[in-house]
There are 2 protein chains.
Amino acid sequence: MEEALVLGIDLGGTNTVFALVNKAGKIVWESVFPTTNYSDFQDLSADIFKACKNQQSVDFKQIQAIGIGAPNGNYYSGCIEFAPNLPWGDKIEVVNIMQGHFQLPSFITNDANAAAIGEKVFGHAQNMKEFGVITLGTGLGSGIVVHGKVLYGYRGFGGEFGHIVVENQGRFCGCGNEGCLETYVSATGIKNTAIELMATSKDASILRNEKYISGKTIQEAALKGDALALQCFEITAKYLGKALAVYSSIFDPEAIFLFGGLSLAGDLLLNPTRKYMEENLLAFHKGKIKLMQSALDNNTAAILGASALAWDELSS
Amino acid sequence: MEEALVLGIDLGGTNTVFALVNKAGKIVWESVFPTTNYSDFQDLSADIFKACKNQQSVDFKQIQAIGIGAPNGNYYSGCIEFAPNLPWGDKIEVVNIMQGHFQLPSFITNDANAAAIGEKVFGHAQNMKEFGVITLGTGLGSGIVVHGKVLYGYRGFGGEFGHIVVENQGRFCGCGNEGCLETYVSATGIKNTAIELMATSKDASILRNEKYISGKTIQEAALKGDALALQCFEITAKYLGKALAVYSSIFDPEAIFLFGGLSLAGDLLLNPTRKYMEENLLAFHKGKIKLMQSALDNNTAAILGASALAWDELSS
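In every chain, residue numbers begin from 1 and rise along the written sequence. The order in which chains are written sets their letters, starting at A; the order in which ligands are written sets their numbers, starting at 1. Where totals are concerned, whole chains, interfaces and linings use all residues; where local detail is concerned, this predicted model gives features only for residues with pLDDT of at least 70, and gives and counts side-chain atom pairs only at 80 or more. In computing side-chain values, all of the structure's heavy atoms are included and hydrogens and water are not.

Asker: I'd love a proper account of the overall build of chain A, names of residues and values included.
Answerer: Going along the chain from the N terminus, every DSSP run of H or I of four or more residues is numbered as a helix, and every run of E of two or more is numbered as a strand. For chain A, the count of helices and strands is eight helices and 13 strands. For chain A, the spread of C-alpha atoms along the principal axes amounts to about 60 × 45 × 35 Å. Counting every position in chain A, which comprises 316 residues, the buried fraction comes to 59%. We call two residues contacting when some pair of their heavy atoms lies within 4.5 Å. Across chain A, contacts joining residues at least 24 apart in sequence account for 60% of those joining residues at least 6 apart. Every accessible area reported is derived by Shrake-Rupley at a probe size of 1.4 Å, with residue values counting cover from the shown protein chains alone. Per element, the accessible surface of chain A, about 13,100 Å² overall, is 50% carbon and sulfur. Note on charges: Lys and Arg go in the positive column, Asp and Glu in the negative column, and His and the chain ends are not counted at all. Lysine's charge is taken at NZ, arginine's at CZ, aspartate's at CG and glutamate's at CD. Seen as two clouds, the 24 positive and the 32 negative side-chain charges of chain A have centres 4 Å apart. Summary of the burial criterion: residues with accessible area below 20% of their type's maximum are buried, those above 50% are exposed, and those between are partly exposed, where the area comes from a 1.4 Å probe applied to protein chains only.

Here is the structure:
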């Protein structure tokens, strides 16, 4: 019998990457279309279908299911709802449209939930039923697994840990509130921390010579021992560590994984975060909760997460 | 066939109430022993067994299972672990001991989780799979239901919402941290708010004539229109409402129920809490999440919650 495969689709504001992935997480064929070339999802999905039909790498019949990771992807409705970076209207019937082309079971979720499912199917969480993945990109996303299943809540909007309030009257957040975790702990957050520190101190820093400040330039400066950049990581870690202690009191997880751009700083972020988390954990949690970097490679994680969603559904 | 019953046990620091309860939540027989009379749980459980054997109201064989609600009751281990108000050691093997006497399936959980299961089996949450119960007593407890099951986490300590931090450098909490929700939103919390307001203002208040300030006296004063007492509820509601907005972004619940002493204030607490919750909800949650008082009577809720645990297990 030919090997079973799933189609994983990472639908992003700029590009839509799609791949055929086996049960071990190996990408056996991959392609990409620029999302911005399409005036609606119907046309994009038709081209994805054609590309999958026309590829010569595997037999089309090997494809068993489709998993889609997309901003604001709602697992329950099968739609992308109110995604600010996609110009196709308030509600895009992604699952129905894909099923129309492929006649295969199709599932959608948002990026952070896909990352969590990717960790569960292909990563460090393969035997875990209670864990969380915190994705540190432009914002802070989270995929939370409870009882072995993603926490979607009643309407599919659950699992948002980025909007817990960590500072009353704190930084303005895109959500309309103030002091949300993601305004401090994200690429945007650490950049604003660096700018604040430069504006309010006279300390020398190689960041002062940078044309553009970003999570990446702060990380590079910190690795060179730049005190101000290191302070940025310390402040970020303090907010994150305290928040993860709160996360732990709510979820009592087996492990928490950090994923995405800022998490690539590795121990630079992990070590102080772990320190602040431990300091703030309830007594019976101290020393018990694993905090580690995601096992998934940042470059392929999105497509693996989308594929993992399909594999997870096939196996449940 | 005779009606099936369960034995529900509400094990408290002062009294242990136990009752035989039918599937509709009717208490058909009830008794109580002073917890403080017993030097270990073995003796107390033997007396409970004897009392159940000797009662003449129903046939002993009608009892199908046992549910126990207790402070620090751990569902997974079947033990009471490190309960500060019980003098029987760090780990009490409650489930094993009860099963030894009764030869019946036995289950334990903590008070707040029992309240949530009570709401699910006998109260307003009978058809809900995603909801939370916030218990407002001396402290703030919470029972959180996800995927139709209580969120116990990996080690059975999950579901603690009272220790999210709502004020950096805020009030000291028994857990060792500062600014935890329960230091503001609980009978103790509102009492401290009243004391703070009296100490820092010159406003007249009938509370200034009270010998003892408590959640109950503040409520009574507020109902008489006392401005300072009303301000106490406003402040409490602001912390609670903002916290429930955070709860909603994490869990996307169908409903949140308030239970316990302070919740008996009814609309005095519910209305301003709802206002602050709505103000702070993420846009797509606004107007969608039910906030209401528990359906369970405060006097029988603990025993009904314990019984509900047994019924819930029998039906799953």
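Asker: Which residues make up the interface of chain B and chain A, and what values do they have?
Answerer: With 40 residues of chain B at the contact, the number on the chain A side is 40 residues. Note on definitions: buried area is the accessible-area loss of two parts on being combined, 1.4 Å probe, summed for both. Here chain B meets chain A over a buried area of about 3,400 Å², counting both sides, of which 54% is carbon and sulfur. Among the residues chain B hides against chain A, the three largest losses belong to B:H147, B:R155 and B:I250. Together they make up 19% of the total. Salt bridges are defined as contacts in which a side-chain nitrogen from Lys or Arg sits within 4 Å of a carboxyl oxygen from Asp or Glu. Where chain B meets chain A, there are two salt bridges. The shortest N-O distance in the salt bridge between A:R155 and B:D252 comes to 2.6 Å. In the analysis that follows, any N or O atom pair within 3.5 Å is treated as a polar contact, provided that within protein one partner can donate a hydrogen and the other can accept it, and provided that, for residues neighboring in sequence, both atoms belong to side chains. Taken together, chain B and chain A are joined by 28 residue pairs in polar contact (both at pLDDT 80 or more). Here the side of chain B that touches chain A takes five residues from helix 6 (residues 227-251) of chain B, the largest share from any one element. Classification convention: Asp, Glu, Lys, Arg as charged; Ala, Val, Leu, Ile, Met, Phe, Trp, Tyr, Cys, Pro as nonpolar; all other residues, Gly among them, as polar. Across the side of chain B that touches chain A, the residue classes break down as 19 nonpolar, eleven polar and ten charged.

Asker: Any chance you could break down the relation of the copies chain B and chain A for me, citing the residues and the numbers?
Answerer: Between the two copies of this chain, the relationship is a rotation about some axis together with a displacement along it. To superpose the copies, least squares is applied to the C-alpha atoms of every residue with a pLDDT of at least 70 in both. Relative to chain A, chain B is turned by 180° and slid 0.0 Å along the rotation axis, the superposed coordinates differing by an RMSD of 0.0 Å. Such a combination of rotation and displacement between the chain copies is what one expects of a two-fold axis. Looking at chain B, 100% of its interface residues are interface residues in chain A too, so the copies touch through the same face.

Asker: Any details on helix 8 (residues 301-314) of chain B? Residues and values, ideally.
Answerer: For an α-helix, 3.6 residues make a turn, and residues three or four places apart therefore share a direction. Residues and elements named next belong to chain B. To estimate how far a helix should extend, the number of its residues minus one is multiplied by 1.5 Å. End to end, helix 8 covers 19 Å across 14 residues, agreeing with the expected 20 Å (1.5 Å per residue, within 8%). Taken across its 14 residues, helix 8 has twelve buried, putting it largely inside the fold. Within helix 8, burial applies to A301, I303, L304, G305, A306, S307, A308, L309, A310, W311, D312 and E313.

Asker: Account for the packing of aromatic side chains, with residues named and values stated.
Answerer: By convention, a stacked pair of Phe, Tyr or Trp rings (six-membered ring in the case of Trp) has centres within 6.5 Å and planes under 30 degrees apart, an edge-to-face pair has planes over 60 apart, and any other such pair is tilted. The final tally for this structure, using the stated rule, is 31 aromatic pairs over all chains. Here A:F18 and A:W29 contribute two aromatic rings whose centre-to-centre distance is 5.8 Å and whose plane-to-plane angle is 70°, an arrangement assigned as edge-to-face. Taken together, the positions of A:F18 in strand 2 (residues 15-21) and A:W29 in strand 3 (residues 27-34) put the pair eleven residues apart, joining distant regions of the chain. Given the relative accessible area of 0%, A:F18 is considered buried. Ring centres 5.9 Å apart and planes at 85° place the aromatic pair B:F49 and B:F60 in the edge-to-face group. Note that B:F49 is positioned in helix 1 (residues 41-54) and B:F60 in the loop between helix 1 and strand 4 (63-69), a separation of eleven residues in sequence. In this structure, B:F49 and B:F60 share a single accessibility class: buried. By the ring-pair criterion, three or more aromatic residues cluster together here, those being A:F161, A:Y247, A:F251, B:F161, B:Y247 and B:F251. Against the face of A:F60 rests A:K53, its NZ or CZ located 4.1 Å from the ring centre. Here, over-ring charges are defined by two tests on the NZ atom of lysine or the CZ atom of arginine: distance to the ring centre within 6 Å, and angle to the ring normal within 35 degrees.

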